[in-house]
Amino acid sequence: MVEAMLRGWQAQQAARGLREKTIGARERMVRRFLAFTNEVPWQWNPAHVDEWTLTLTAEHHLAPAAVRGYQTELRLFSEYLTDARYGWVAACEEAFGTFPVPICHEWNTIAHLNEYEGSPEARPFTREEVQRFLDYADDQVDRAARAKRKGALAAYRDATLFKVVYGWGLRRTETARLDLADWGRNPAAAEFGRFGMLHVRYGKAVRGQPPLRRNVASVMGWAVEAVADYVENIRPRFGAVDHPALWLIERGERISARSVDERFAAWRAAAGLPGELSVHCLRHSYVSHLIEDGADPLFVQLLSSPREGVHDVHHGPGRCGNLRAGGGYLRSSITQIPRRSDACAAGADARLVA
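The present account deals with the structure reproduced in this document. The shown structure was predicted, so the numbers you read here are calculated from the model rather than taken from an experiment.

## Brief notes about helix 2 (residues 20-37)
Right, on to step 1. In this model helix 2 runs 26 Å from its N-terminal to its C-terminal C-alpha over 18 residues, within 8% of the 26 Å that 1.5 Å per residue would give.
Right, on to step 2. Within the sequence span of helix 2, burial applies to Ile-23, Gly-24, Arg-26, Glu-27, Met-29, Val-30, Phe-33, Leu-34 and Thr-37.
Right, on to step 3. Contact partners of the buried residues in helix 2: helix 1 (2-15), helix 3 (46-58) and helix 4 (64-82).
Right, on to step 4. Asn-38 occupies a position one or two residues after helix 2 and carries a positive phi of about 55°.

## Section: the packing of helix 2 against helix 3
Right, on to step 1. Orientation of helix 2 relative to helix 3, taken along the N-to-C sense of each, is 105°, at an axis distance of 11 Å. Taken as axis vectors, helix 2 and helix 3 run roughly perpendicular relative to one another. Each of Met-29, Phe-33, Phe-36 and Thr-37 in helix 2 lies in contact with helix 3, whose residues at this interface are His-48, Val-49, Glu-51, Trp-52 and Thr-55.
Right, on to step 2. For the contact of helix 2 with helix 3, the per-class residue count stands at five nonpolar, three polar and one charged.

## Structural notes on the environment of Gln-209
Right, on to step 1. Its location among the elements puts Gln-209 in the loop between strand 2 (197-203) and strand 3 (212-217).
Right, on to step 2. Looking at Gln-209, the relative accessible area reads 48%, which means it is partly exposed.
Right, on to step 3. As for Gln-209 and Gly-17, which are separated by 192 residues in sequence, their C-alpha atoms are 6.7 Å apart.

The rules we used
Along each chain, numbering runs from 1 in the same order as the chain's sequence is written. Per-residue local features of the predicted model are confined to residues with pLDDT of at least 70, and side-chain atom pairs are confined, for both listing and counting, to 80 or more; whole-chain, interface and lining totals are unaffected and use all residues. Processing note: side-chain calculations cover all non-hydrogen atoms of the structure and skip hydrogens and water entirely. Secondary structure elements follow DSSP: runs of H or I no shorter than four residues count as helices, runs of E no shorter than two count as strands, and numbering proceeds from the N terminus. To estimate how far a helix should reach, multiply one less than its number of residues by 1.5 Å. Only protein chains enter the accessibility calculation, which uses a 1.4 Å probe. A residue is then buried if its area is under 20% of the maximum for its type, exposed if over 50%, and partly exposed in between. The contact definition used throughout considers only heavy atoms, calling two residues in contact when any of these lie within 4.5 Å. Throughout, an axis means a line fitted to C-alpha atoms (over the contacting stretch in the case of helices), and angles, computed between N-to-C directions, take values from 0 to 180 degrees. An angle below 35 degrees is read as roughly parallel, one above 145 as roughly antiparallel, one from 65 to 115 as roughly perpendicular, and any other as oblique. Side-chain classes follow a simple rule in which Ala, Val, Leu, Ile, Met, Phe, Trp, Tyr, Cys and Pro form the nonpolar group, Asp, Glu, Lys and Arg form the charged group, and the remainder, Gly included, forms the polar group.

And the structure:
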């Protein structure tokens, strides 16, 4: 009966368009709850949830948001079992003389009251920290090249990858899933060539929906130079010229999001940066530094949001406070990264249009 319940719940979630990865994770959570209670679902009661939540917080030290996520998944399974349209209540009563009841309610679950529930330690990079991190990344390329080590290509790839994360304000998975074909020209910024616009196809998805898409206009000339150099001079050395991925590994396959995390963590620690900084903090830094440099906050919101799109970037004389009519000007950054890149600088004459 329990296995039939789980198969039915899987089918219900698949009918809603949820991904197989999401469905599998939820099933594993329910099985862990089954093992914790040592009871079948038609014997569960709210006290089981109380004890389980206490274990998650007191023994496993999970964050409130993580605990609420588990509670939500358990509530969904409980609601599925008690929904008369699926017949599990009647089937259990006939077979066992008892039936499933709702076990999650407003008094034993964590309410979602704040829009942002991340750790207060999470923050954007300062400009000096961006400088230090990207300088360290470039140093690893130079060191590997001088030593004639095999990892020189991978170090160059990863150094450029993190510049793209910061230069276009991307998430980790969005970056790992980029293809060469995702770059395009922006007629309003012809100086950037084929790298004037980036089409992000694997943005953060709404539950049960495919990944959201957005176009991100190129605004940092140093980042454009870095990715252009990588595409023209470094990527071909990985072989697999017919592979669509922008970031390749030595075996000619696409890089994984996990390897991005691992490389970032290693370089962050070696550069002496705080442990609370993550890859995603580079995206926050992109937003913060653009606004600090004079970009209209509405423009930055459109640039980062998958629900809207920024169509072009105009460079040239003129001034207008209205974003739709031409936006403001971006001032040059106070932070300058030598050698390969000039980080944080969007150009003194970059006029942004949504």
